[in-house]
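# Descriptive structure summary
Residue strings, one per chain:
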Amino acid sequence: MLGAAVFGMQASVCSASVRTTGNSLRPLRLIFTGFFRAECGDARDFEIKGSGASGLLHAMVFRWFLAVVFAAACAGARAVEFRTDVMAVLSKAGCNSGACHGNGQGKGAFKLSLRGQDPADDWAALAREQGGRRVNVFEPAESLVLLKATGSVPHEGGRRFGADSVEGRILLDWLRAGAPDSSGAAVPLELEVTPETEVVIEPRRATRIRATAVFPDGTRRDVSRLAVYEPSDTMVKVDIEGGVEAVGPGEVTVVVRYLGRQKPARLAFIPQREDFRWSGPEPAGFVDEHIFAKLRSLRMNPAPLCDDATFVRRLYLDLLGVIPSEATARAFTADGNPDKRARLVDALLQRGEFADFWALKWADLLRIEERQLDAKGVSVFHAWIRASIAANKPMDVFARELVSARGSTYENPPANWWRANRDPVSRGENTARVFLGTQINCAQCHNHPFERWTQADYYDWTSVFRRVDYKIVKNERKDTNDQKEFKGEQIVNMSGNARVVNPRTGEAAAMRFLGGGPVPQGKDELDALGDWLSRSPQFARMQANRVWANLLGRGLVDPPDDFRASNPPSHPELLDALGREFASNGFDLRRLIRTIVLSKTYQLGIGAGDEFNASRAVVKRLGAEQILDSTAKALGVNLEIPGHPGLGRVSQVPEGRKHYRPLDSEWDFFQLAFGKPPRLVATDCERLGEPTVVQAFQLISGPVMRDLLTRSPRVTAWSMMEPAAAVDSMVWTILGRVPTETEVRAFSRHLSNGDRRTAAEDAAWALLNSKEFLFRR
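As the structure is a computational prediction, the values presented were derived from the model and not from experiment.

### Here we look at the overall build of the chain
Counting its secondary structure elements, the chain contains 31 helices and 19 strands. Here the chain holds 777 residues, and the buried ones make up 53% of them. The long-range fraction of contacts in the chain, counting pairs at least 24 apart against all pairs at least 6 apart in sequence, stands at 65%. For the chain, the accessible surface area stands at approximately 33100 Å², while carbon and sulfur atoms represent 53% of it.

Listed below in structure tokens is the structure:
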């Protein structure tokens, strides 16, 4: 054993050093250090006197002697490894964060890979760059990297840890061992976090997170002290060992990171509420069972169920994009049949307006805009989407036909998806986002900081799309300087030969599905993609989450297209159950919608509660199309949509907002104000829903609203009715409910004075500007 150590046995993690005096021994000090420490435990700063050959002999004798004494103490000790220990220290201290040396340009001429994505480069930067000035293997405690981090010398980043801390000792031990690379060290396969979820009830205000790394050989190591803890909210403070203390009630996600692995822990801190009694309704199915189980654990009651008038209006807006008629609202609220809500759902799902409104949602996602697709491309692509929804085409078939499409963009409409995404990068990023809810953009430049995706994953995925190409049959663009404008037929084919290169390796990327295996040999890439995508559990979960977000106002994962470890679902078991239900029922969109809207969760009112946990209905402003279509329906006016004389509702218009030319129509200004998207990004979030002052101006005195009121035959009819009857009809028509006594008195008084037509117009205008009309509740 002694002989093996003489020839360079690796140094132990047990920290000891041998100091020789005499300049002739300085070149051999590194050999002595590693050679002595291989068996010598925690002996500190032992000094061997002598010089030349005499000093060398003394050192060898003492090393042999102390090896015998300390061998037992050292048995089983693990050597400090750069890739599993030092890299963890650099992350824990924040040295490789984007705000510090992990910045793209580094800091102070010292650059590390962001969050430790490249240990080999980081080792070279520390141990070899600039002549190795950052490490001192002869005087390890004097190494610049240690002095800076411990604040012993001026450091712009300040003191990151103490010299006697766990981090300081690990770094010093590594330096004493000669700052080796340890490139063969095993990295963890998995990171386990406990607890994954926990509800902490007062008087407790704290808990502790434990992190365990699992290595390829099955070894399990407690890495709680070296893991990084990132809370999603300032309502908690997390100490260096994973202790979490709440400063207030609420829910928080703490993402735990260690060496490229990360896992979330979701924690809830709630008041004691000793007098809590569950008062929620009986569950109507598995959706309610999951939602109500969590609410019970949080000691939170859901809001009461909404009344019939609220339900019918909500359902019409969510499924058809327009309010119910006066007759429909009156009849539904008067109906005493206990199954009337289910019967209404079934009826609305078969209406043409359902296909129109849900085609609008997919048109936003699939970037149906005229500048790239031209007018005919927009028309045929939108018609194909609408026909698919009207026919209740299974959503896996819908997705497969989209991503495997090729041929003429006029004759095979789904090929326009590739026409709108003209390079491997945009194809890969947008396909992942729309169909898998995965945003991989960050991995183009570095490993994803909040997810498991690496640069290799990114370029292997984009390589799947590298052969997609176009034959431009004709391009009669109006603006010859706009290279992104296309007007004319194109043929999508697989004759391209674009080369996708991984910038880190400089080599051509392999074709691999995102989180899956390689493209099967001999199979067309897009056909293989369609098969793989439609069978992916993540596809089912993503589409179920998208439907949930459209109906409930907030996704179980929110934003709906941002699935990642640091943004976990509010109800993970429910999301999995919805995905399985969707897939097992043949990806039937109508059936999934029916399951959700007939749940008691969907039918809750807007009382006190928590939107995050679906304990009450989400109040949200209507979209531009919903406001225009509902206003026209309430006023009995036929819309005159510029450029679309044959359409009766704005939700039927195929194109998005015309962003590529100056606004030349009051309709354009109205839709811009109310957030109609230009469809430049394939996302669920491009459509804006926040209220603004500009919207108030449009509603109060805008030309679109004024024109609709002026032309309204229904306002004329109300002006000819008795005031009380007119108020009753107005409120039922515009708000879908019985008017209050206050409303009857106030509006009747107004309708009885002056010009009756003007008075009726004023009353209708007031109701159309009310929050009750403009918001879905």
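There is more to say, and it comes next.
### Some words on unusual backbone geometry
Cis rather than trans, the peptide bond between E202 and P203 has omega equal to 15 degrees. Mapped onto the fold, P203 is located in the loop between strand 4 (197-201) and strand 5 (206-208). P559 follows D558 through a cis peptide bond whose omega is 0 degrees. Mapped onto the elements of the fold, P559 is located in the loop between helix 20 (537-552) and helix 21 (572-584). Notably, D374 is not glycine yet its phi reads approximately 65 degrees, a positive angle. Secondary-structure assignment places D374 in helix 14 (residues 370-390). Despite not being glycine, R679 shows a phi value in the positive range, around 65 degrees. Positionally, R679 belongs in the loop between helix 24 (666-673) and helix 25 (693-701).

### Some remarks on the sheet that holds strand 5
Spatially, 5-10-9 is the arrangement adopted by the three strands of the open sheet, whose pairing is antiparallel. Here the strands that pair on one side only, and so sit at the sheet edges, are strand 5 and strand 9 (236-238). Adjacent strand axes in the sheet meet at a mean angle of 20 degrees, parallel and antiparallel pairs treated alike. Bridge count between strand 5 and strand 10 (residues 243-246): three bridges; the pairing is antiparallel. Counted as the bridge partner of T207 is V244 from strand 10.

### Here we look at helix 12 (residues 340-349)
Along helix 12, the residues that are buried comprise K340, R341, L344, V345, L348 and L349. Here the buried residues of helix 12 occupy an arc of 165 degrees about the axis, which is enough to place them on one side. Packing partners of the buried residues in helix 12 comprise helix 10 (308-319), helix 11 (326-334), helix 13 (352-365) and helix 22 (589-597).

### Brief notes about the environment of F486
Its place among the elements puts F486 in the loop between strand 14 (469-472) and strand 15 (490-493). Residue F486 is classed as buried on the basis of its relative accessible area of 6%. Sequence-wise, F486 and G377 are 109 residues apart; in three dimensions their C-alpha atoms are separated by 10.0 Å. Excluding its chain neighbours within four sequence positions, the residues that come into contact with F486 are E370, R371, Q372, L373, D374, R419, R422, I472, N475 and R477.

### Remarks on the confidence of the model for the chain
Of all residues in the chain, 88% attain a pLDDT of 70 or more, and the chain-wide mean is 86. Low confidence marks residues 1-76, where pLDDT is under 50. Its contacts with residues over four positions away, or in another chain, come to 121 contacts.

### Observations regarding the nonpolar core
In terms of nonpolar packing, the biggest core is built from 99 residues, with W362, L366, I385, F435, L551 and I593 touching the most fellow members. Residue contributions to this core peak at nine residues, all from helix 13. Excluding residues that lie within four positions of it along the chain, W362 makes contacts with I385, I389, M395, F398, V434, F435, Q543 and R546. Judged by nonpolar contacts, the second largest core, of 48 residues, contains L112, V193, A227 and V254.

### Comments concerning the pattern of salt bridges
For the structure on display, the rule yields 48 salt bridges. A salt bridge links E198 to R204; the nearest nitrogen and oxygen atoms lie 3.3 Å apart. Owing to a relative accessible area of 41%, R204 belongs among the partly exposed residues under this scheme.

### Quick word on the packing of helix 10 against helix 11
One way to put it is that helix 10 packs onto helix 11 with a least axis distance of 9 Å and a crossing angle of 135 degrees. One finds that helix 10 runs oblique with respect to helix 11. Once helix 10 is placed against helix 11, the crossing between them reads as right-handed. Contacts between helix 10 and helix 11 involve D308, A309, F311, V312 and Y316 from the first element and T328, F332 and T333 from the second.

### Things to note about helix 15 (residues 395-403)
For helix 15, every residue scored as buried is listed here: M395, D396, F398, A399, L402 and V403. Viewed end-on, helix 15 has its buried residues packed into an arc of 160 degrees, placing them on one side of the element.

### Quick notes on the packing of aromatic side chains
With the rule as written, the count across this model stands at 19 aromatic pairs. Ring centres of W362 and F398 lie 5.1 Å apart, and the angle between their planes is 65 degrees; on these two criteria the pair is classed as edge-to-face. Here W362, found in helix 13, pairs with F398, found in helix 15; they are 36 residues apart in sequence, far enough to count as distant. Judged by relative accessible area, which is 6%, W362 ranks as buried. F398 gets classed as buried once you look at its relative accessible area, which sits at 2%. Seen in terms of ring centroids, W461 and F465 are 5.2 Å apart; in terms of plane orientation they differ by 80 degrees. Their pairing is edge-to-face.

### What to know about the sheet that holds strand 4
Strand order in the open sheet formed by four strands is 4-12-11-8, and the pairing between neighbours is mixed. The open sheet has two free edges, formed respectively by strand 4 and strand 8 (228-231), since each of these has just one partner strand. When strand polarity is set aside, the average angle formed by the axes of neighbouring strands in this sheet is 25 degrees. Summarising the sheet, strand 11 (residues 250-258) and strand 12 (residues 261-270) pair through nine bridges and their orientation is antiparallel. Directly across from V255, in strand 12, lies its bridge partner P264.

### A word on the environment of G609
Note that G609 resides in the loop between helix 22 and strand 18 (620-621). The class of G609 is partly exposed, set by a relative accessible area of 39%. A sequence separation of 307 residues divides G609 from P302, and the C-alpha atoms of the two residues are 6.4 Å apart. When neighbours within four sequence positions are excluded, G609 is seen to be in contact with S615 and R616.

### Things to note about the environment of G168
The residue G168 is located in helix 8 (residues 166-176) in this model. In this structure the C-alpha to C-alpha distance between G168 and A141, which are 27 residues apart in sequence, comes to 10.0 Å. With sequence-adjacent residues up to four places away left out, G168 is seen in contact with L146, F161, G162 and A163.

### Things to note about the pairing of strand 15
Burial along strand 15 is one-sided: Q490 and V492 are buried, while I491 and N493, pointing the other way, are not. Pairing geometry for strand 13 (residues 407-408) and strand 15, over two bridges, is antiparallel. Residue pairing for strand 15: G407 is matched across the bridge by V492. Of the strand pairs in this sheet, strand 14 and strand 15 are connected by four bridges, and their pairing is antiparallel. Within strand 15, the position partnered with D469 by the bridge is N493.

### Here we look at the packing of helix 23 (residues 624-635) against helix 24
The contact between helix 23 and helix 24 brings their axes to 8 Å, and the two run at 125 degrees. Relative to helix 24, the element helix 23 is oriented oblique. Between helix 23 and helix 24, the residues in contact are A624, I627 and L628 and W667, F670 and Q671, respectively. Its residues assigned to classes, the contact of helix 23 with helix 24 shows five nonpolar, one polar and no charged.

Procedures and definitions
- Residues numbered from 1 in each chain as written.
- Predicted model: local features only at pLDDT ≥ 70, side-chain atom pairs only at ≥ 80, totals over all residues.
- Heavy atoms only, no water.
- Helix = DSSP H or I, 4+ residues; strand = E, 2+ residues; numbered from the N terminus.
- Buried < 20%, exposed > 50% of the residue type's maximum accessible area, 1.4 Å probe, protein only.
- Contact = heavy atoms within 4.5 Å.
- Areas by Shrake-Rupley, 256 points an atom, 1.4 Å probe, with all protein chains shown as cover.
- Pairing = 2+ DSSP bridges.
- Axes fitted to C-alpha atoms, helices over the stretch in contact; angles between N-to-C directions.
- Arc of directions from axis to C-beta.
- pLDDT = per-residue confidence, 0-100.
- Core = buried A, V, L, I, M, F, W, Y, C linked by side-chain atoms within 4.5 Å.
- Salt bridge = Lys/Arg side-chain N within 4 Å of Asp/Glu carboxyl O.
- Parallel < 35°, antiparallel > 145°, perpendicular 65-115°, else oblique.
- Left-handed = near helix turned anticlockwise from the far one by under 90°.
- Phe/Tyr/Trp six-rings, centres within 6.5 Å; stacked < 30°, edge-to-face > 60°.
- Nonpolar A, V, L, I, M, F, W, Y, C, P; charged D, E, K, R; others polar.

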